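Architecture and fold: a report
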Amino acid sequence: MCGLAGWADFTRDLLDQTQILKDMTDTLRLRGPDGGGSYTSRNVLLGHRRLVVVDPAGGSQPMIREHEGREYVIVYNGELYNTEDLRRELQAEGFSFRSYSDTEVLLTAYICWGEDCITKLNGIFAFAIYDADRRRLFLARDPLGVKPLFYAQRGHAFIFGSEIKTLLAHPLVKPEVGRDGLCELFALGPANAPGSCVYKGISEIPPAYCLTVTPEDVRLR
């Protein structure tokens, strides 16, 4: 089990906000006791906590790869059951690998197929990939919703993480209980409808959905 956290805002410089990312990522230490890392850029900050299962050195995250002069970054929680099949398919497309981790296979799949890569995945997952040159942040969740992924929008800020407390560590996200979420919690008990949350202004990416953040908009599909 691992955990991921992030903050994107294409209207402001986030380079001096790394302490907030650290606070968010630190909430995930129990999910990822074996180590952590961060990626910082002007408009996107990504954090990760890792539980090591395969390839301790080669699977470190956030993982950054360059292809044809473009930079791609991933933070990922999950397991791909068809890792080796995908690796062989990508090798046939001309890609090579530096590690044995499914993280690199997933990131390479995005580099090769773009957002359509999710149609190739067999597994349980929640991940975020930042396509730096296109200024596009792509998030996705597995079809069964095994791996959690929450998000909140505050003006131009898009904030996300593996747990609700990760978002609450951000000063823009307040722990305000929403009436609709509370009604769902008691009516469905104890549960909420897919995509909703007991806290006001916090949502969960529903199972089998993906979400794209660009300077123009946020699109869930």
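Conventions used here
- Counting restarts for each chain: residues are numbered from 1 in the order of the written sequence.
- Per-residue local features of the predicted model are confined to residues with pLDDT of at least 70, and side-chain atom pairs are confined, for both listing and counting, to 80 or more; whole-chain, interface and lining totals are unaffected and use all residues.
- Each side-chain value is worked out from all heavy atoms of the structure, with water and hydrogens disregarded.
- Helix and strand definitions follow DSSP, with helices as H or I runs of at least four residues and strands as E runs of at least two, each counted in order from the N terminus.
- Every radius of gyration here is taken over C-alpha atoms, with the globule rule written as 2.2 Å times N^0.38, N being the number of residues.
- Should any heavy atoms of two residues lie within 4.5 Å, those residues are considered in contact.
- Only protein chains enter the calculation, and the probe is 1.4 Å; a residue is then buried if its accessible area is under 20% of its type maximum, exposed if over 50%, and partly exposed in between.
- In this analysis, the protein atoms alone were mapped onto a 1 Å grid. Cavities are point sets where a 1.4 Å probe fits without being able to get out; pockets are open sets with protein on both sides within 12 Å along at least five of seven lines; lining residues have an atom within 4 Å of a point.
- Grid points are joined across faces, edges and corners, and a volume is the space filled by probe spheres set on the points.
- In protein, a polar contact requires one atom able to donate a hydrogen and another able to accept it; more generally it is a pair of N or O atoms within 3.5 Å, and residues adjacent in sequence count only if both atoms are side-chain atoms.
- Strands are treated as partners if at least two bridges between them are detected by DSSP.
- Axis definition: a line fit to C-alpha positions, over the contact stretch in the case of helices; interaxial angles, taken between N-to-C directions, run 0 to 180 degrees.
- Note: the arc covers the axis-to-C-beta directions of the helix.
- An angle below 35 degrees is treated as roughly parallel, one above 145 as roughly antiparallel, one from 65 to 115 as roughly perpendicular, and anything else as oblique.
- Whether a crossing is left-handed or right-handed is set by the direction in which the near helix is turned from the far one by less than a right angle, anticlockwise for left-handed and clockwise for right-handed.
- Basically, the charged four are Asp, Glu, Lys and Arg, the nonpolar ten are Ala, Val, Leu, Ile, Met, Phe, Trp, Tyr, Cys and Pro, and anything else, Gly included, counts as polar.

1. Here's the deal with the overall build of the chain
For the chain, the helix and strand inventory stands at five helices and 12 strands. For the chain, whose C-alpha radius of gyration is 17 Å, the value lies close to the compact-globule estimate of 17 Å for 221 residues. Counting only C-alpha atoms and orienting by the principal axes, one finds that the chain spans roughly 50 × 40 × 35 Å. Considering only contacts within the chain whose residues lie at least 6 apart along the sequence, 57% involve residues at least 24 apart.

2. What to know about the side chain of Thr 214
Examined against the element boundaries, Thr 214 turns out to sit in the loop between strand 11 (210–213) and strand 12 (218–220). According to the relative accessible area criterion, Thr 214 is buried, its value standing at 13%. Other than its neighbours up to four places away in sequence, Thr 214 contacts Phe 10, Arg 135 and Arg 136.

3. Things to note about the layout of surface pockets
Its boundaries defined by the atoms lining it, the second largest pocket holds a volume of some 180 Å³. Lining the second largest pocket are 15 residues, with Gly 155, His 156, Thr 214, Pro 215 and Val 218 positioned closest to its centre.

4. A look at the side chain of Asn 82
Structurally, Asn 82 is set in the loop between strand 5 (70–80) and helix 2 (83–92). For Asn 82, a relative accessible area of 12% gives the class buried. Within polar-contact distance, the side chain of Asn 82 engages the backbone oxygen of Lys 120 at 2.8 Å. Not counting residues up to four positions away in its chain, the partners in contact with Asn 82 are Lys 120, Leu 121 and Asn 122.

5. Topic: the sheet that holds strand 10 (residues 202–204)
Across the sheet, which stays open at both edges, the six strands sit in the order 2-3-1-9-8-10 with antiparallel pairing between neighbours. Here the strands that pair on one side only, and so sit at the sheet edges, are strand 2 (35–40) and strand 10. Across the sheet, the mean angle from the axis of one strand to that of its neighbour is 15°, orientation sign disregarded. Pairing geometry for strand 2 and strand 3 (residues 44–50), over six bridges, is antiparallel. Each bridged residue has a counterpart across the sheet, and for Tyr 39 the counterpart in strand 3 is Leu 46.

6. Overview of the sheet that holds strand 11
Strand order in the open sheet formed by six strands is 4-5-6-7-11-12, with antiparallel pairing between adjacent strands. Of all the strands in the sheet, just strand 4 (63–67) and strand 12 have a single pairing partner and so form its edges. Averaged over all neighbouring strand pairs, the angle between strand axes comes to 20°, with direction disregarded. Sheet topology places strand 5 next to strand 6 (residues 123–131); nine bridges connect them, and they run antiparallel. Its bridge partner lying in strand 6, Tyr 76 is registered against Phe 127. The strands touched by helix 3 (residues 102–113) within the sheet are strand 4, strand 5, strand 6 and strand 7 (136–141), with strand 5 carrying the most contacts at an inclination of about 130°.

7. Side note on helix 1 (residues 18–26)
Taken together, the buried positions of helix 1 are Ile 20, Leu 21, Met 24 and Thr 25. Down the axis of helix 1, the smallest arc covering the buried residues is 135°, so these residues share one side. Contacts from the buried residues of helix 1 go to strand 1 (3–8), strand 2, strand 3, strand 9 (157–161) and helix 4 (164–168).

8. Things to note about the packing of helix 2 against helix 3
One way to put it is that helix 2 packs onto helix 3 with a least axis distance of 10 Å and a crossing angle of 45°. Classified by the angle between their axes, helix 2 and helix 3 sit oblique to one another. The two elements helix 2 and helix 3 cross, and the hand of that crossing is left-handed. For the pair helix 2 and helix 3, the contacting residues are Thr 83, Leu 86, Arg 87, Glu 89 and Leu 90 in the first and Asp 102, Val 105, Thr 108, Ala 109, Cys 112 and Trp 113 in the second. By residue class, the composition of the contact of helix 2 with helix 3 is six nonpolar, two polar and three charged.

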